[in-house]
Amino acid sequence: MTKTENEKKRLREEGEKSGPITQEGDMPQKKFYRSRAHCNPLSHNNTFDYPPHPSKMDWSDHYPNMSPSDPSQKIVPTVLDIGCGFGGLTIALATLLPKQTILGLEIRAKVTEYVRLRIMAHRKESPG
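Residues numbered from 1 in each chain as written. Predicted model: local features only at pLDDT ≥ 70, side-chain atom pairs only at ≥ 80, totals over all residues. Heavy atoms only, no water.

Once that is clear, we can look at helix H3 (residues 109–125). End to end, H3 covers 24 Å across 17 residues, agreeing with the expected 24 Å (1.5 Å per residue, within 8%). Every buried residue of H3 is listed here: Val111, Tyr114, Val115, Leu117, Arg118 and Ala121. Projected down its long axis, H3 shows its buried positions confined to an angular sector of 165°, all on one face. Those residues of H3 that are exposed and angled more than 90 degrees off the buried face are Ala109 and Lys124. (Helix = DSSP H or I, 4+ residues; strand = E, 2+ residues; numbered from the N terminus. Expected span 1.5 Å × (residues − 1). Buried < 20%, exposed > 50% of the residue type's maximum accessible area, 1.4 Å probe, protein only. Arc of directions from axis to C-beta.)

Bridging between strand E1 (residues 79–82) and strand E2 (residues 102–105) involves four bridges; their strand directions are parallel. Within the sheet, the bridge partner assigned to aspartate 81 lies in E2 and is glycine 104. For the segment spanning E1, helix H2 (residues 88–96) and E2, crossover handedness is right-handed. (Pairing = 2+ DSSP bridges. Right-handed = clockwise from strand over helix to strand, strands pointing away.)

Of note, arginine 108 is situated in the loop between E2 and H3. Among the polar contacts listed, one links the side chain of arginine 108 to the side chain of glutamate 106, at a separation of 2.8 Å. (Polar contact = N/O pair within 3.5 Å; in protein donor to acceptor, adjacent residues only side chain to side chain.)

What follows covers the confidence of the model for the protein chain. Low pLDDT means the predicted coordinates in that region are not meant to be read closely. Confidence in the prediction of the protein chain, expressed as mean pLDDT, is 80, and 73% of residues score 70 or more. Across the protein chain, element-level confidence peaks in E1 with a mean pLDDT of 96 and bottoms out in helix H1 (residues 3–18) with 62. (pLDDT = per-residue confidence, 0-100.)

Okay, the packing of aromatic side chains next. Under the counting rule described, the total for this entry stands at one aromatic pair. Centre to centre, the rings of phenylalanine 86 and tyrosine 114 are 5.1 Å apart; their planes meet at 80°, and the pair counts as edge-to-face. Residue phenylalanine 86 is located in the loop between E1 and H2, and its partner tyrosine 114 is located in helix H3; the two are separated by 28 residues in the primary sequence. (Phe/Tyr/Trp six-rings, centres within 6.5 Å; stacked < 30°, edge-to-face > 60°.)

Examined against the element boundaries, leucine 97 turns out to sit in the loop between H2 and E2. By relative accessible area, which is 32% here, leucine 97 ends up partly exposed. Sequence separation between leucine 97 and valine 79 is 18 residues; the distance between their C-alpha atoms is 9.2 Å. Apart from residues no more than four positions distant in its own chain, leucine 97 is found in contact with Val79 and Ile102. (Contact = heavy atoms within 4.5 Å.)

Another point: H2. If you check which residues of H2 are buried, you get Thr90, Ile91 and Leu93. Seen end-on, H2 carries its buried residues on one side only, within an arc spanning 160°. Opposite its buried face, H2 presents the exposed residues Leu89, Thr95 and Leu96, each directed more than 90 degrees away.

Tallied over the entire structure, the rule returns three salt bridges. Between arginine 108 and glutamate 106 there is a salt bridge whose closest N-O contact spans 2.8 Å. We classify glutamate 106 as buried; its relative accessible area is 18%. One continuous salt-bridge network, built from bridges that share partners, spans Glu24, Glu113 and Arg116. (Salt bridge = Lys/Arg side-chain N within 4 Å of Asp/Glu carboxyl O.)

Turning our attention to the side chain of threonine 90. Structurally, threonine 90 is set in helix H2. Classification of threonine 90 as buried rests on a relative accessible area of 6%. Among the polar contacts listed, one links the side chain of threonine 90 to the side chain of aspartate 81, at a separation of 2.6 Å. Setting aside residues no more than four positions away along its own chain, threonine 90 makes contact with Asp81, Cys84, Ile102 and Gly104.

Right, dumping it as structure tokens:
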């Protein structure tokens with residue numbers, strides 16, 4: 001094993017022993033969330049629950065600090081960042097378009113977790 005492989009193995013083992021890499025609300029570090037770029041993690045994966053129709057999607061988990069002024073209205077994304085990667089543009093758009101609901105889409109699970117934690121850390125730093 002090379003030095004890099006040994007380091008990766010050590011970090012993986014430490015993560016298994018010590019729990020999550022990043023605590024909820026803390027800013028994640030990109031180096032722990034890298035993933036192979038050219039694989040489709042959705043192939044042969046049935047762990048996602050899909051609504052029967054887009055109009056049936058409940059977005060409230062993704063936008064916990066938002067509630068519509070009219071209770072009969074649903075919160076829906078108004079701006080999409082498709083292939084958001086580590087979320088740089090997604091967060092920049094949220095800053096530039098504060099009245100919009102921004103949704104970043106990424107197929108790599110580890111990178112998605114990184115962005116989720118990054119957004120939570122930003123929400124903790126700047127509530128509202």
